[in-house]
Amino acid sequence: MSTHYSVAVIAGDGIGHEVVPAAMDIVDAAGSRHGFSIDWTPYPWGSEHYRTHGTMMPTDGLDRLAQHEAVFFGAVGAPDIPDHITLWGLLIPIRRGFQQYVNLRPARHVKGVRSPLAEPDGTDLMIVRENVEGEYSEVGGRFGRGTDAELAVQEAVFTRKGTARVAAYAAELAARRSGKLTSATKSNGIIHSMPFWDEVVAEAVAQQPGVELRSVLIDALAAAMVSRPQQFDVIVASNLFGDILSDLAAACVGSIGVAASANLNPERTYPSMFEPVHGSAPDIAGRGIANPVGQISTAALMLDFLGETKAAADINQAVDDVLRDGPRTPDLGGQDGTREVAEAIRKQLVCSR
Ligand code: ATP
Ligand code: MG
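Residues numbered from 1 in each chain as written. Chains lettered and ligands numbered in written order. Predicted model: local features only at pLDDT ≥ 70, side-chain atom pairs only at ≥ 80, totals over all residues.

Under an unreviewed UniProt entry, the name given to the protein is D-malate dehydrogenase (decarboxylating), and the source organism is Kribbella antiqua. The Catalytic activity (unreviewed entry) comment attached to the protein in UniProt states, word for word, "(R)-malate + NAD(+) = pyruvate + CO2 + NADH". (UniProt positions renumbered as here; feature names shortened; annotations may be inferred.)

See below:
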């Protein structure tokens, strides 16, 4: 008896075409061991689609993706196409259209990966970033262009529903881990939205037994992330604070090439999307040296969300083993290629236990 999952694949641009197939092989290998299989459906969307058709994806793109249980995403971006087209033409419509209001970004230090911190050992945290509202809003504008009185207004929009649901997700995750939840705030300086955030987060977390909530000012939190990241487990943050904190956390534990992320619709009304933190890396694309670990760890997040927790844990273990003393790509100080690293992880996975 075998379980099947239907997954849409958007390799996208640049190194997406190198790391996505590598990660798919590993998922297939994990499936053979754990009694599931994935029906992968590739969609050739991204910058090439834009050059030929003038759009990053077809107009019925979301309808087509909606037929799958998950979207496995590589990267989009090309030096000759502005970010607002690549982002707003593909990633943002998927995140918003599918109400992927949780952006989950683990940051775990693995022995053997160099870190700028003196004491990175034992860092293992999860950042839960609000992904669809908050500071990244379209409300506002520029007024009096070119005059001495010119001004720009940028509104942040926080809703009770939007804040409560991301806090509830973070609280549930914290309950499954250590029970420690940190909320990033700035209620001493941002006097309307942040006290509201604090209040709604506290109410939502109170619904979850066994979770201890600590609110920390974002500036102090950023400093603590660098001085002692081991004190954190789950961190919940608004869109902007979460964006900055998760890049900071990723830099603290090593290369951008190893960082994973998930855009989740926890209610499962729509598919969730799994993408590594890195982009299309045009500077190294096509050379076979991209680190596949970010994409492979992203695949583990996807399997975990689909309910294949054992397979996900096995993949993470195989990644840790190879990072510790296996082949490594140049971004981690090695001289091996994407294929060698992915193959070592696949072997480690099928040979263990
Ligand atoms: P995009 O426009 O798609 O976001 P980018 O160049 O702005 O692309 P990244 O793709 O994240 O941003 O690249 C930032 C830097 O990190 C580049 O120097 C890139 O080569 C490096 N990098 C990113 N991903 C990897 C990876 N998987 N392996 C090795 N190096 C990587
Ligand atoms: Mg970029």
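So that's the structure; there's more coming.
Student: What should I look at first to understand the overall build of the protein in this one?
Tutor: What the protein contains, in helices and strands, is 11 helices and 12 strands. For the protein, whose C-alpha radius of gyration is 20 Å, the value lies close to the compact-globule estimate of 20 Å for 353 residues. If you line up the protein on its principal axes, its C-alpha atoms span 60 × 50 × 45 Å. When burial is assessed residue by residue, the protein has 46% of its 353 residues classed as buried. Taking the contacts inside the protein whose residues are at least 6 apart along the sequence as the reference set, 76% of them involve residues at least 24 apart. (Helix = DSSP H or I, 4+ residues; strand = E, 2+ residues; numbered from the N terminus. Rg over C-alpha atoms; globule rule 2.2 N^0.38 Å. Buried ≥ 20, exposed ≤ 12 C-beta atoms within 10 Å, placed from the backbone. Contact = placed C-beta atoms within 7 Å.)

Student: Would you explain the nonpolar core in this entry?
Tutor: A general tendency of soluble globular proteins is for nonpolar side chains to be buried together. The biggest cluster of nonpolar side chains holds 101 residues, and the ones touching the most others in it are V128, A170 and I315. Contact partners of A170, with chain neighbours within four places excluded, come to V128, L181, V234 and V236. (Core = buried A, V, L, I, M, F, W, Y, C linked by C-beta atoms within 7 Å.)

Student: Looking at this model, I keep getting lost on helix α5 (residues 160-176). Mind explaining?
Tutor: An α-helix turns once every 3.6 residues. As a result, residues three or four positions apart point the same way. Between its first and last C-alpha, α5 extends 24 Å over 17 residues, near the 24 Å set by a 1.5 Å rise per residue. What α5 keeps buried is the set G162, T163, V166, A167, Y169, A170, A171, L173 and A174. Elements in contact with the buried residues of α5: β4 (102-108), β5 (124-130), β8 (180-185), α6 (193-206) and β10 (234-237). (Expected span 1.5 Å × (residues − 1).)

Student: Just to check I follow, could you spell out the packing of helix α1 (residues 16-34) against helix α11 (residues 338-351) for this structure?
Tutor: When two helices pack together, you describe them by how their axes are tilted relative to each other and by the distance separating the axes. Running from amino to carboxyl end, α1 crosses α11 at an angle of 10°, the nearest separation of the two axes being 10 Å. One finds that α1 runs roughly parallel with respect to α11. Seen from α1, the contacting residues are E18, V19, A22, D25, I26, A29, A30 and R33; seen from α11, they are T338, A342, I345, R346, L349 and V350. Partitioning the contact of α1 with α11 into residue classes produces 9 nonpolar, 1 polar and 4 charged. (Axes fitted to C-alpha atoms, helices over the stretch in contact; angles between N-to-C directions. Parallel < 35°, antiparallel > 145°, perpendicular 65-115°, else oblique. Nonpolar A, V, L, I, M, F, W, Y, C, P; charged D, E, K, R; others polar.)

Student: Can you walk me through the site of ligand 1 in this structure?
Tutor: Taken together, 17 residues sit near ligand 1, with G77, G257, H278, G279 and N291 positioned nearest. Looking at the shell around ligand 1 residue by residue, the class counts come to 7 nonpolar, 8 polar and 2 charged. (Near = placed C-beta within 6 Å.)

Student: I would appreciate a short explanation of the pairing of β5 in the present structure.
Tutor: Successive residues of a regular strand alternate their side chains across the two faces of the sheet. Among the 7 residues of β5, 6 are classified as buried, and the element is accordingly described as predominantly covered. Bridge count for β4 against β5 is 7 bridges, and the pairing is antiparallel. Paired with V102 across the bridge in β5 is E130. (Pairing = 2+ DSSP bridges.)

Student: Where do I start with the pairing of strand β11 (residues 260-264) in this structure?
Tutor: Judged by how many residues are buried, β11 sits mostly within the fold: 5 of 5 residues are covered. Side chains A260, A262 and L264 project from β11 onto one buried face, and the interleaved S261 and N263 project onto a second face that is buried too. Bridge count for β4 against β11 is 3 bridges, and the pairing is antiparallel. When the bridges of β11 are listed, V102 appears paired with L264. Relative to strand β12 (residues 272-276), β11 runs antiparallel, the two sharing 4 bridges. Bridged to N263 within β12 is M273.

Student: Explain the packing of helix α7 (residues 218-227) against helix α8 (residues 239-253) to me, please; I cannot follow it from the model alone.
Tutor: Packing of α7 against α8 leaves a shortest axis separation of 10 Å and a crossing angle of 10°. One way to sum up the angle between α7 and α8 is to call them roughly parallel. α8 is crossed by α7, and the crossing has right-handed handedness. Here α7 contributes I218, L221, A222, M225 and V226 to the contact with α8, which in turn contributes F241, L245, L248, A249 and C252. (Left-handed = near helix turned anticlockwise from the far one by under 90°.)

Student: Explanation requested: the UniProt feature "domain: Isopropylmalate dehydrogenase-like" (unreviewed entry) in the protein in the structure shown.
Tutor: UniProt annotation of "domain: Isopropylmalate dehydrogenase-like" (unreviewed entry) refers to residues 6-345 when read in the numbering used here. A helix fraction of 41% and a strand fraction of 20% characterise residues 6-345, whose end C-alpha atoms lie 24 Å from each other.

Student: Mind showing me how you'd approach the sheet that holds β8 here?
Tutor: One key point about sheets: their strands pair by backbone hydrogen bonds, in either a parallel or an antiparallel sense. Overall, mixed pairing links the 10 strands, which are arranged β2-β1-β3-β12-β11-β4-β5-β10-β8-β9 in an open sheet. Each of the sheet's edge strands pairs with one partner strand only, and the pair in question is β2 (36-42) and β9 (212-217). Pairwise comparison of adjacent strand axes, ignoring direction, gives a mean angle of 25° for this sheet. Sitting on the sheet, α5 is in contact with β4, β5, β8 and β10, with an inclination near 165° to β5. Against the sheet, α7 contacts β8 and β9, and its axis sits at roughly 100° relative to β9.

Student: When you look at the environment of A168 in this model, what are you seeing that I'm missing?
Tutor: In this structure, A168 sits in helix α5. With 168 residues separating them along the chain, A168 and D336 place their C-alpha atoms 42 Å apart.

Student: Got a minute to help me understand the environment of A170 in this structure?
Tutor: Looking at the element boundaries, A170 is found in helix α5. It is 24 Å that separates the C-alpha atoms of A170 and P93, two residues lying 77 residues apart in sequence.

Student: How do you make sense of helix α9 (residues 293-306) when you look at a structure like this?
Tutor: Helix length check: α9 (14 residues) gives 20 Å between terminal C-alpha atoms against 20 Å at 1.5 Å per residue, within 8%. Taken across its 14 residues, α9 has 12 buried, putting it largely inside the fold. What α9 keeps buried is the set V293, G294, Q295, I296, S297, T298, A299, A300, L301, M302, L303 and F305. Note on α9: the residue one or two positions beyond its end, G307, has a positive phi of about 105°.

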